[in-house]
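Reading the structure
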Amino acid sequence: MFKKSIRNKLIFLLLLATIIPFGTSIYITYVHTKESITNQVVEENSNLLYQGKVNLESYIRELNGLTLSLYNNPDFMNYMRSAHKENNYMTIGTVKSVLQTILYAEDHIDRVYISFLDENKLVSISKRSTVAFSSNIKETYLEYYQKTKDSPFNMHIEPIHYQYGDDSLVKPRPKNVFSIHRAFTNIPSKDILAYISLEVSPDEIFNISENLYNREREEFYILSPHGKLVYSSNVKITDNEVNQEWISELLATEPESGTKEWNEDQFHGMMIYDKMDNSAGGWILIKRIPYSTLYESALSVTKINILFGIIGLLLVILATMFVTFKITSPIRILLQNIQQVEAGNMQVQFSSLGGKDEIGILGERFKGMIEKINDLINREYKLELENKTNQLKVLQSQINPHFLYNALQSIGTIALKNKVPQIYTLITHLSKIMRYGMNTDEQLVPLIKEINYTKAYLLLQKERFGDNLDYLVDVHEDVMQVIVPKMVIQPIIENYFKHGFDIREGIGKIRLRCSRDESFLQIEIRDNGLGISENRLNEIHQHFEEGIQKLDGEESNIGLKNVYVRLKLYYNGEASLQLKNRDSGGLKVIIRLPITLKDGENESDNH
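Please read these numbers as outputs of a predicted model, since none were measured by experiment.

Okay, the environment of N55 next. Here N55 is to be found in helix α1 (residues 6-68). With relative accessibility at 34%, the residue N55 sits in the partly exposed group. Note: C-alpha distance between N55 and I205 (150 residues apart in sequence) is 9.3 Å.

Laid out in structure tokens, this is it:
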């Protein structure tokens, strides 16, 4: 029932035409919005990370500059260069003054110490103790001093760690700091005099970091060049988990900044990173944004589109139901009327379909058609009576040719009895011509029949003109049985006697030749008549193509045109009829017909 109902088909098609565009629009909008928002978020966060990197680099360079300022202190330089560090009052005062200056130059510096590895001496000061001299350099320091020495910048930043204990303390205090170690060289040589270290509270780093991410939606990390966590917004990721794959992946990344998608380690989203300059520690700033946060705006837009899509779909459903009922209800009324007509009730009273639209007009037209059918039925009875009368007339018309053939046969018999064979011959040829022309049962004949008919016609013309006419018929054996349309040669020859033959110019000559040219039958008719002027020849070709008549109302070259039209109908453009003036005078007509006539092309062939 669904396949047969127009109403159901309309509902289905209208819904389909609505759902597909809406669904496609929602999908394209979501993809475009997601891509656009992703690019926007990446660009904004890349700029934010770059600004954070600049701030951190400035802060580290500021701390690093405090140690570099010592090169401008002559007394301290002399102290550093002396072979044996003196412990007198003046020496202690100089060192204390220098260390205090560095210690209190920045609020977050918690401790400053100088290590002389050659003498195994350590001078330190903190905000909890005064200058202290000791001869105990911990092995932990040596590891970082070696990294400082190997650095091309004579500087190394130790990631956040528990603060090492003072000489006066046995246990380390539970306080996190990061250390900046600098190798103090004997300029202009590269000999290292000592190592100066700053232990700094990471509060400023934390303050800068917390301004670079949204704590509720994003994650932020700072990694050292060796993969140590300097800062982590996620307490679940600590130094005990530094072997996570995403950290190793970022450490191996060559570009200084960029993005990377990650779908492992229980994180699925986008990682944006930026590397600090090696002179400022070479830290890597990393921001991780989950897909849920990244595409949140895109999902919101998509939800809005879906909401509007559902509203639009409901409206379309209501409109579809209204339209389909509006269209199909008149059609059903029309169908009921048609069913009554099918049942034979031609006097059905049509219900009004209403409206002036196409369906209303269809109903009116159908009503008019039924009225015309009723009229035609009434006329049919009259036509049937007239048909009987016409059949009688046809029988009478068929009697006349038979009577004429019999009469000619009787005349021929009398001619033979009176020993006038020439008259008999002429009457016989005339009889053949009449039989061939009046036989309407066959329209396609073998070429030999057409040739025999043409010969009979030429014999009658020979009898008429005598020695003033010379004709020749040359037909090849292999084309005699080729099927051709009836009456295609004689009209062309007759045209010569009507328009081109003039006995005053001498003997009239006509040549007929039929031969095979590849897959075509070529019929060539030549005469020595008057020919046709070029203008007239062009007009004839134009008449062939356009099928027009002369302006005076009389048909021109009816025989030629009849042949041309029939060839066009029988051979569907594959046959050709050409008229050319001969150089020696006269006209040459060439007919080319396909040897094989395609089946079904001659719809009027009743043979």
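Read on for the rest.
With four bridges connecting them, strand β2 (residues 121-126) and strand β3 (residues 129-134) associate as antiparallel partners. By the bridge assignment, S126 is partnered in β3 with S129. Between the end of β2 and the start of β3, which pair antiparallel, lie two residues.

Residues with a pLDDT of 70 or more make up 80% of the chain, whose mean pLDDT is 78. Predicted confidence for residues 167-172 stays below pLDDT 50, and this span has seven contacts to residues more than four positions away or in other chains. Contacts from residues 548-556, a stretch scored under 50 in pLDDT, to residues over four places away or in other chains number seven contacts.

Within the largest apolar cluster, 55 residues are counted, with the highest numbers of intra-cluster contacts made by M80, F178, I222 and W283. Ignoring any residue separated from it by four or fewer positions in sequence, one finds I222 in contact with L56, I205, S209, K228, L229, V230, Y231, W283, I284 and L285. Judged by nonpolar contacts, the second largest core, of 49 residues, contains Y436, I489, I532 and L579.

With an omega dihedral of 10 degrees, the bond running from I187 to P188 counts as a cis peptide bond. Among the structural elements, P188 can be located in the loop between β5 (176-185) and β6 (192-200). A positive phi angle, near 60 degrees, is found at M487, a position not held by glycine. Relative to the helices and strands, M487 is located in the loop between β14 (483-485) and α12 (490-499).

Another point: helix α2 (residues 74-81). Taken together, the buried positions of α2 are F76, M77, Y79 and M80. The arc that holds the buried residues of α2, viewed along the axis, is 160 degrees, so those residues lie on one side. For α2, the exposed residues lying more than 90 degrees away from the buried face are P74 and D75. With a side-chain oxygen positioned 3.2 Å from the backbone nitrogen of D75, the residue opening α2 is N73.

Consider a sheet: its strands pair through backbone hydrogen bonds, and that pairing is either parallel or antiparallel. One open sheet holds the five strands; their spatial order is β8-β7-β11-β10-β9, and the pairing between them is antiparallel. Here the strands that pair on one side only, and so sit at the sheet edges, are β8 (229-232) and β9 (257-262). Taken over all neighbouring pairs, the strand axes of this sheet differ in orientation by 20 degrees on average, direction set aside. Direction of pairing for strand β7 (residues 219-223) relative to β8: antiparallel, over a ladder of three bridges. The residue of β8 that forms the bridge with Y221 is S232. Along the sheet face, helix α5 (residues 203-210) touches β7 and β8 and points at about 50 degrees away from the line of β8.

There is a patch of nonpolar side chains on the surface, built from I304, L307, F308, I311, L315 and L318 and spanning about 630 Å² of accessible area. Checked against the element boundaries, L318 lands in helix α8 (residues 296-342).

Reading the values: rules and limits
Residues numbered from 1 in each chain as written. Predicted model: local features only at pLDDT ≥ 70, side-chain atom pairs only at ≥ 80, totals over all residues. Heavy atoms only, no water. Helix = DSSP H or I, 4+ residues; strand = E, 2+ residues; numbered from the N terminus. Buried < 20%, exposed > 50% of the residue type's maximum accessible area, 1.4 Å probe, protein only. Pairing = 2+ DSSP bridges. pLDDT = per-residue confidence, 0-100. Contact = heavy atoms within 4.5 Å. Core = buried A, V, L, I, M, F, W, Y, C linked by side-chain atoms within 4.5 Å. Arc of directions from axis to C-beta. Polar contact = N/O pair within 3.5 Å; in protein donor to acceptor, adjacent residues only side chain to side chain. Axes fitted to C-alpha atoms, helices over the stretch in contact; angles between N-to-C directions. Patch = residues over 30% accessible without salt bridge, like charges linked within 9 Å, V, L, I, M, F, W, Y side chains within 5 Å. Areas by Shrake-Rupley, 256 points an atom, 1.4 Å probe, with all protein chains shown as cover. Salt bridge = Lys/Arg side-chain N within 4 Å of Asp/Glu carboxyl O.

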